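The residues making up each chain are set out below.
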Amino acid sequence: MAHQQFSPQSAIVGSEEHDREAIDELIASLPQRKGVVRPFQSLYQDFWCPTYLLPNVIALQRHFQAKHKDIVLASQPKSGTTWLKALVFSVVNRSRFGISNTPLLTSNPHDLVPGFEYQLYGSNPTPNLDSLAEPRLFATHIPYPSLPESVKQSDCRIIYISRNPFDAVVSSWHFYLETAQSNDQPKWSLEEHFEIYCQGKISFGPFWDHMMGYWKESLERPHKVLFLKYEDLKEDIVGQLKKVAEFVGLPFTEEEEEGRMIEEIAKMCSLKTLKDLEVNKAGKIPVLNIKFENRSFFRKGAVGDWVKHLTPSMVDRLNSIMQEKMSPFGLEFKTR
Ligand code: A3P
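The numbers attached to residues start from 1 for each chain and follow its sequence in the written order. Residues qualify for local features only when their pLDDT is at least 70, as the model is predicted, and side-chain atom pairs are given and counted only at 80 or more; totals for whole chains, interfaces and linings, by contrast, use all residues. Hydrogens and water molecules were not included; the side-chain quantities draw on all heavy atoms of the structure.

Colleague: Honestly, the site of the ligand in this entry has me stumped. Any pointers?
Modeller: Around the ligand, 18 residues are found, and the nearest of them are Lys-78, Thr-81, Thr-82, Ser-171 and Lys-300. N or O atoms within 3.5 Å of each other form a polar contact, as long as, within protein, one can give a hydrogen and the other can take it, and as long as residues adjacent in sequence are counted only when both atoms are side-chain atoms. In this structure, an oxygen atom belonging to the ligand sits 2.5 Å away from a side-chain N or O atom of Lys-78. For the ligand, a nitrogen atom lies 2.8 Å from a polar atom in the backbone of Cys-269. In isolation the ligand has 560 Å² of accessible area, and contact with the protein removes 97% of it. Secondary-structure elements contributing two or more residues to the shell around the ligand are helix H4 (81–92) and helix H15 (271–276). A cutoff of 4 Å decides nearness: a residue is near a molecule or strand if any of its heavy atoms lies inside that distance of it. In this description, accessible areas are obtained by the Shrake-Rupley approach with a 1.4 Å probe, and a residue is regarded as covered only by the protein chains that are shown. Per the convention used, a helix needs a DSSP run of H or I reaching at least four residues, while a strand needs a run of E reaching at least two, with both numbered from the N terminus.

Colleague: How do you make sense of the packing of aromatic side chains when you look at a structure like this?
Modeller: Note on aromatic pairs: each is described by the distance of the centres and the angle between the planes. Here a pair means two rings of Phe, Tyr or Trp (six-membered ring of Trp) with centres within 6.5 Å. Their orientation is stacked below 30 degrees between planes, edge-to-face above 60, and tilted elsewhere. Enumeration over the complete set of coordinates arrives at 20 aromatic pairs. The interplanar angle of 70° and the centroid separation of 6.1 Å between the aromatic rings of Tyr-44 and Phe-47 together place this pair among those described as edge-to-face. Accessibility classification places Tyr-44 together with Phe-47 in one group, the buried group. Among the aromatic residues, ring-to-ring pairing joins Tyr-44, Phe-47, Tyr-118, Phe-175, Tyr-176, Phe-204, Phe-292 and Phe-297 into one connected group. Comment: the charge-over-ring label is applied if NZ (Lys) or CZ (Arg) is within 6 Å of the ring centre and within 35 degrees of the ring normal. Its end group placed over the ring of Tyr-144, Lys-152 keeps NZ or CZ at 5.8 Å from the ring centre. When a residue's accessible area, from a 1.4 Å probe over protein chains only, is under 20% of the maximum for its type it is buried; when over 50% it is exposed; and in between it is partly exposed.

Colleague: Looking at this structure, I do not really get the nonpolar core. What am I missing?
Modeller: A general feature of soluble globular proteins is that nonpolar side chains tend to end up buried together. Judged by nonpolar contacts, the single largest core of 106 residues is most densely connected at Ile-159, Leu-310 and Leu-318. No other element matches the nine residues that helix H8 (residues 165–182) contributes to this core. Pairs of residues are marked as contacts when any of their non-hydrogen atoms sit within 4.5 Å. What Ile-159 contacts, discounting residues up to four positions off in sequence, is Ile-71, Val-72, Leu-73, Ala-74, Leu-84, Val-88, Leu-226, Leu-228, Val-244, Phe-247 and Val-248. Throughout, nonpolar core names a set of buried Ala, Val, Leu, Ile, Met, Phe, Trp, Tyr and Cys residues whose side chains join them through atoms within 4.5 Å.

Colleague: Where do I start with the side chain of Lys-85 in this structure?
Modeller: With respect to the element layout, Lys-85 can be found in helix H4. Charge counting follows a simple rule: Lys and Arg are positive, Asp and Glu are negative, and His as well as the terminal groups are ignored. Any Lys or Arg side-chain nitrogen located within 4 Å of an Asp or Glu carboxyl oxygen qualifies as a salt bridge. One buried charged residue, Lys-85, forms no salt bridge at all, with the nearest opposite charge on Asp-111 at 8.1 Å. A distance of 2.9 Å separates a polar atom in the side chain of Lys-85 from a polar atom in the side chain of His-110.

Colleague: How should I be thinking about the environment of Leu-87 in this particular structure?
Modeller: Counting through the fold element by element, Leu-87 comes out in helix H4. Once the C-alpha coordinates of Leu-87 and Val-315 are considered, the two residues, 228 residues apart in sequence, prove to be 31 Å apart. Filtering out sequence-adjacent residues up to four positions away, Leu-87 remains in contact with Leu-233, Ile-237, Leu-241, Ile-265 and Cys-269.

Colleague: Just to check I follow, could you spell out the sheet that holds strand E6 (residues 157–162) for this structure?
Modeller: Two strands in a sheet stick together by hydrogen bonds in their backbones, pointing the same way (parallel) or opposite ways (antiparallel). Two strands pair if DSSP finds at least two bridges between them. An order of E5-E4-E6-E7 is seen for the four strands of this open sheet, with the pairing classed as parallel. Each edge of the sheet is formed by a strand with only one pairing partner; in this case those strands are strand E5 (137–140) and strand E7 (225–229). Here the average twist between neighbouring strands, direction ignored, is 20°. The sheet contact formed by strand E4 (residues 71–75) and E5 spans four bridges and is parallel. Bridged to Leu-73 within E5 is Ala-139. Its contacts with the sheet place helix H10 (residues 207–220) against E4, E5, E6 and E7, and it is angled at close to 125° to E7. On the sheet, helix H12 (residues 237–247) packs against E6 and E7 and is oriented at approximately 170° with respect to E7. Under this scheme, a helix contributes an axis fitted over its contacting stretch, all axes are lines through C-alpha atoms, and angles between N-to-C directions fall in the 0 to 180 degree range.

Colleague: Even after reading the chapter, I still don't get the pairing of E6, so can you show me in this structure?
Modeller: On any regular strand, side chains alternate: one points to one face of the sheet, the next to the other face. The element E6 is largely enclosed, with a buried count of five among its six residues. For E4 and E6, the ladder comprises five bridges, and the chain directions are parallel. Within E6, the position partnered with Leu-73 by the bridge is Ile-159. In terms of strand pairing, E6 meets E7 through five bridges, oriented parallel. Counted as the bridge partner of Ile-159 is Leu-226 from E7.

Colleague: I would appreciate a short explanation of H12 in the present structure.
Modeller: Helical geometry: 3.6 residues make up each α-helical turn, so side chains three or four residues apart lie on a common side. Within H12, burial applies to Ile-237, Gln-240, Leu-241, Val-244, Ala-245 and Phe-247. The buried residues of H12 occupy an angular sector of 160° when projected down its axis, which confines them to one face. Of the surrounding elements, those touching the buried residues of H12 are H4, E6, E7, helix H11 (230–235) and helix H14 (261–268). Among the residues trailing H12, Gly-249 stands out with phi positive, at a value near 80°. By definition, the arc is the one covered by directions from the helix axis to the C-beta atoms.

Here it is in structure tokens:
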């Protein structure tokens, strides 16, 4: 896919009205396709961006100024974003909040770690983020090459969570279907969804480019990008939490370890605990006029659920994509 020549920093200058016109013109010039849930996706800087988010992405790219202490959580949808948000929020804020008074008890993780393109740049192209407590925590689904320059150039840290594509495609089908239903939109089959996924046309995809962008950066600059796998978190949450804490410069002390703080954080952030909280059973995250139900972010949380859904030919197809696009660069996943 050709790289779009547009540079958000240079192409849009002048009054707000002028900006809006320039953005509209740009969006109109991009290849578009009918997406899932939201009607359209646009191919922007080599990824399929939900069209309604594009003005937010462009504003973010133009205006966001990273601070050295910032932590950006990056992922593709349905890879464990919600879990990562809860975990990192807890690690970073452990001296401010204990388990009994953690804001996780009353707020959905997506409200505690807001997304750049969905929440922060949704209603205002220049939100005031200076007053946020440091280290500031942000989240994004944008691929690495399209992150704001200041995120890439500064010393801020990026934590990426990936997930094996077999479970990710099944999870995303369930999620988008549920979201479509609660927004009175038509259903579609797993076969249709799988096809879109394998063609690379799922939101923020192609999925292989998304993972490889962060993977390669994590190999080149391990102090900058920590690449996590959902399956590793399921297998050894304590070990992975230690890794996260060290990466953000806040390693657990011996005293904390002896006091079983890591286990407490893991338990607080477990699927079972979060799923059973009132705040996550009810409530919605509105993004323009679409509503994401809080509860739809918590389903099974299993490794290997795909076995019940994917046919042998689907498995072969996904395997060959992974072998072609990821394995040569050393990226492999446990799938069960
Ligand atoms: P499943 O649909 O396979 O159950 P995201 O947060 O990126 O939208 O990803 C959602 C997936 O992560 C869903 O997977 C969801 O159940 C799972 N998940 C959400 N919270 C979790 C948690 N605390 N622990 C483990 N998995 C979690």
